[in-house]
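Below, each chain spelled out in residue letters.
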2 protein chains.
Amino acid sequence: MAQDMTLLWGSGSPPCWRVMIALEEKNLQGYDQKLLSFEKMEHKSQEVIDMNPRGQLPTFKHGDNIVNESYAACFYLESQFKSQGNKLIPESPTEQALTYQHAVIYYNWFVPEGERHDSALKRNRETLAAELKLWEGYLQKLGSGAHLAGPHFSLADVTVFPTVATLFRFGLSTERYPQLAEYYSLLKERPSIKASWPPHWLENPQGQDTLKDI
Amino acid sequence: MAQDMTLLWGSGSPPCWRVMIALEEKNLQGYDQKLLSFEKMEHKSQEVIDMNPRGQLPTFKHGDNIVNESYAACFYLESQFKSQGNKLIPESPTEQALTYQHAVIYYNWFVPEGERHDSALKRNRETLAAELKLWEGYLQKLGSGAHLAGPHFSLADVTVFPTVATLFRFGLSTERYPQLAEYYSLLKERPSIKASWPPHWLENPQGQDTLKDI
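Only a predicted model underlies this, so the values are computations on that prediction, with no experimental measurement involved.

Q: Could you clarify how one ought to interpret the overall build of chain A in this entry?
A: Regarding its fold elements, chain A presents ten helices and four strands. Counting from the amino terminus, helix and strand elements in chain A follow one another as β-α-β-α-β-β-α-α-α-α-α-α-α-α. The proportion of buried residues among the 214 residues of chain A is 60%. For chain A, contacts bridging at least 24 residues in sequence account for 72% of all contacts bridging at least 6. Element-wise, carbon and sulfur atoms account for 49% of the exposed surface of chain A, whose accessible area totals about 9,000 Å².

Now the structure itself:
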């Protein structure tokens, strides 16, 4: 159980989702949480600004420690709760290298936190297509049923999965990206991911098709 | 000493500099290294592409493990060489939270890897000014002589310092940003930072003044 933790979040925001998956994986259910609306600009409310002067979601607090960056919060949770729940940073140097490498790779080209994903997706179509081809090749090399850092689910999957799910939500072709589709299909059944699935995606299972031609 | 490590890097690139500071802090001098030129597009050479299909610097390899993202490489080095050189992730939960939070914060708004910093700096002037004001306030609260996560130098400083140095290289006003100037002035004397100072900055100590009015 989560003691003295607060999460302010928005539905369907990959950075928020990352933190929620990490909390589930570390058996930290039951934290205080509040779902805020980007549309109503609630991420710029005083409540958020008080904890997070940048006015972004997620906003996360554990005791007196505020860790608002989604990657930072995931690393922090793994570090503070090493022996609780699932281990998210593998021991072997090779798997560890892959975990770190893939956990941060998306920052180079994808959705800046606090920015609406549709505009970001539209802006970066070419970069996105080039990047997705690299990932297809990478997943193909790993083989069927693999996670991003090897045989086990890791922090790399925590941070990357919400973005992959968002791509398919926006219509990415499962035919043109079969490896990513298989990865998506495998991970979406994982309990931590099901438990944290964006509520507005549950209400409206059909997303836009912005990415169908990529 | 560094065994079986290779770094391909570019002078004055904050992401490359991060990895070099981390290597110094962990007493991993003597690695294989090669200085490449962005101007001559050497970061798109076959040698780089073979290790890093994105054609970006830094490109870093340890044994068979390739970790090209600068943040990933810093975390990986700390993880693999925990008890060697200086400890870069503090033990206390509060300092740890600050380390993670500040180590990744810059990704939100600053220089994407592989992009020339001057163009990125021009594009983001307003965001940059707003962000720098937050940092001034933050450093003021910490008080004189502090590092980013508390009393000790940490991975937060490793990842943030090259960006701060770049800001001043591009003419940021030490009068308008006195806290950042003090932080810069304190850290630039640190051995790991002096040892890895960009060679072309040594040759041409005077940078451009792109940021003087921010």
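Q: Just checking my understanding: could you explain helix H8 (residues 178–187) of chain B for this structure?
A: All of the buried residues in H8(B) are B:Gln179, B:Leu180, B:Ala181, B:Tyr183, B:Tyr184 and B:Leu187. Contacts from the buried residues of H8(B) go to helix H6 (125–142), helix H7 (155–169) and helix H9 (191–195) of chain B.

Q: What is the right way to look at the packing of aromatic side chains in this model?
A: The geometry of an aromatic ring pair is captured by two quantities: the separation of the ring centres and the angle between the planes. Residue and element names in this part refer to chain A. Here the structure, examined in full by the defined rule, presents 21 aromatic pairs over all chains. Judged by centre distance (5.0 Å) and plane angle (85°), the rings of Trp-17 and Trp-197 are edge-to-face. Taken together, the positions of Trp-17 in helix H1 (residues 14–25) and Trp-197 in the loop between helix H9 (191–195) and helix H10 (199–203) put the pair 180 residues apart, joining distant regions of the chain. Chaining the aromatic ring pairs together yields one cluster made of Trp-17, Phe-161, Phe-168, Tyr-184, Trp-197 and Trp-201. Across from the ring centre of Phe-153, 3.7 Å away, lies the NZ or CZ of Arg-190, which sits over that ring.

Q: When you look at unusual backbone geometry in this model, what are you seeing that I'm missing?
A: Phi is mostly negative for residues that are not glycine, and the peptide bonds are mostly trans. Cis geometry marks the peptide bond from A:Leu57 to A:Pro58, where omega comes out at 5°. Structurally, A:Pro58 is set in the loop between helix H2 (46–51) and strand E3 (59–62). For A:Asp4, which is not glycine, the phi torsion reads 60° and is therefore positive. Tracing the sequence through the fold places A:Asp4 in the segment before strand E1 (5–10). Given a relative accessible area of 58%, A:Asp4 falls into the exposed group. At B:Met41, a residue that is not glycine, the phi angle is positive and equals roughly 60°. Among the structural elements, B:Met41 can be located in the loop between strand E2 (32–36) and helix H2 (46–51).

Q: Please explain the relation of the copies chain A and chain B as it appears in this structure.
A: Two copies of a chain can be linked by a rotation about an axis combined with a shift along that same axis. With an RMSD of 0.0 Å, the operation that places chain A on chain B is a rotation of 180° combined with a shift of 0.0 Å along the axis. Expressed as an axis order, the relation between the two copies is that of a two-fold axis. Of all interface residues in chain A, 100% are interface residues in chain B too; the two copies therefore contact each other through one and the same surface.

Q: Is there a simple way to explain the nonpolar core in this structure?
A: Note that soluble globular proteins tend to have their nonpolar side chains buried in a common cluster. Of all hydrophobic cores here, the largest spans 124 residues; its most connected members are A:Phe60, A:Leu77, A:Phe161, B:Leu77 and B:Phe161. Not counting chain neighbours up to four residues away, the residues in contact with B:Phe161 comprise B:Trp17, B:Ile21, B:Tyr183, B:Tyr184, B:Leu187, B:Lys188, B:Ile193 and B:Trp197.

Q: For this particular structure, what's the right way to read the interface of chain A and chain B?
A: A common measure of how large an interface is: the accessible area buried when the components associate. Tallying the contact residues gives 28 residues for chain A and 28 residues for chain B. Interface area for chain A against chain B, summed over the two sides, is near 2,700 Å², with a carbon-plus-sulfur share of 54%. Where chain A meets chain B, there are two salt bridges. In this structure, the salt-bridge partner of A:Glu131 is B:Arg54, at a minimum N-O distance of 2.6 Å. Where chain A touches chain B, the interface holds 14 residue pairs in polar contact (both at pLDDT 80 or more). Secondary structure elements with two or more residues in the side of chain A that touches chain B: strand E4 (65–66), helix H3 (70–80), helix H4 (93–104) and helix H6 (125–142) of chain A. Top element by residues in the side of chain A that touches chain B is H4(A). It accounts for seven residues.

Q: Help me understand the pairing of strand E3 (residues 59–62) of chain B, please; the structure alone is not making it clear to me.
A: Here is the key point about a regular strand: its side chains alternate between the two faces of the sheet. All names here are of chain B. Here four bridges tie strand E1 (residues 5–10) to E3, and the two strands are oriented antiparallel to one another. By the bridge assignment for E3, Met-5 is matched with His-62. Judged from the two bridges that link them, E3 and strand E4 (residues 65–66) form a sheet pairing that is antiparallel. Bridged to Lys-61 within E4 is Ile-66.

Q: I tried to follow the pattern of salt bridges on my own but got confused; where do I start?
A: All names here are of chain A. Under the definition given, this model contains 16 salt bridges over all chains. Ionic pairing is found between Glu-189 and Lys-188, a salt bridge with its closest N-O pair at 3.2 Å. The residue Lys-212 makes a salt bridge to Asp-213 at a minimum N-O spacing of 3.5 Å. Owing to a relative accessible area of 41%, Lys-212 belongs among the partly exposed residues under this scheme. Looking at Asp-213, the relative accessible area reads 58%, which means it is exposed. Each of Lys-188, Glu-189 and Lys-194 takes part in salt bridges that share partners, so that together they form one network.

Q: Teacher, can you tell me more about H7(B) here?
A: Residues spaced three or four apart along an α-helix face the same direction, because each turn holds 3.6 residues. All names here are of chain B. Compared with an ideal rise of 1.5 Å per residue, which puts 15 residues at 21 Å, H7 spans 22 Å between its outermost C-alpha atoms and is within 8% of the ideal. Phe-161 marks where H7 bends most, by close to 35°; the proline Pro-162 follows one to four residues later. Of all 15 residues in H7, 15 are buried; the element is thus mostly enclosed. Gly-171 sits one or two positions beyond H7 and adopts a positive phi of about 95°.

Thresholds applied
Residues numbered from 1 in each chain as written. Chains lettered and ligands numbered in written order. Predicted model: local features only at pLDDT ≥ 70, side-chain atom pairs only at ≥ 80, totals over all residues. Heavy atoms only, no water. Helix = DSSP H or I, 4+ residues; strand = E, 2+ residues; numbered from the N terminus. Buried < 20%, exposed > 50% of the residue type's maximum accessible area, 1.4 Å probe, protein only. Contact = heavy atoms within 4.5 Å. Areas by Shrake-Rupley, 256 points an atom, 1.4 Å probe, with all protein chains shown as cover. Phe/Tyr/Trp six-rings, centres within 6.5 Å; stacked < 30°, edge-to-face > 60°. Lys NZ or Arg CZ within 6 Å of the ring centre and 35° of its normal. Least-squares fit on C-alpha atoms with pLDDT ≥ 70 in both. Core = buried A, V, L, I, M, F, W, Y, C linked by side-chain atoms within 4.5 Å. Buried area = accessible area lost by both parts, 1.4 Å probe. Salt bridge = Lys/Arg side-chain N within 4 Å of Asp/Glu carboxyl O. Polar contact = N/O pair within 3.5 Å; in protein donor to acceptor, adjacent residues only side chain to side chain. Pairing = 2+ DSSP bridges. Expected span 1.5 Å × (residues − 1). Bend = angle between axes of the 7 residues up to and from the residue.

Coordinates in, geometry out; function isn't part of it.
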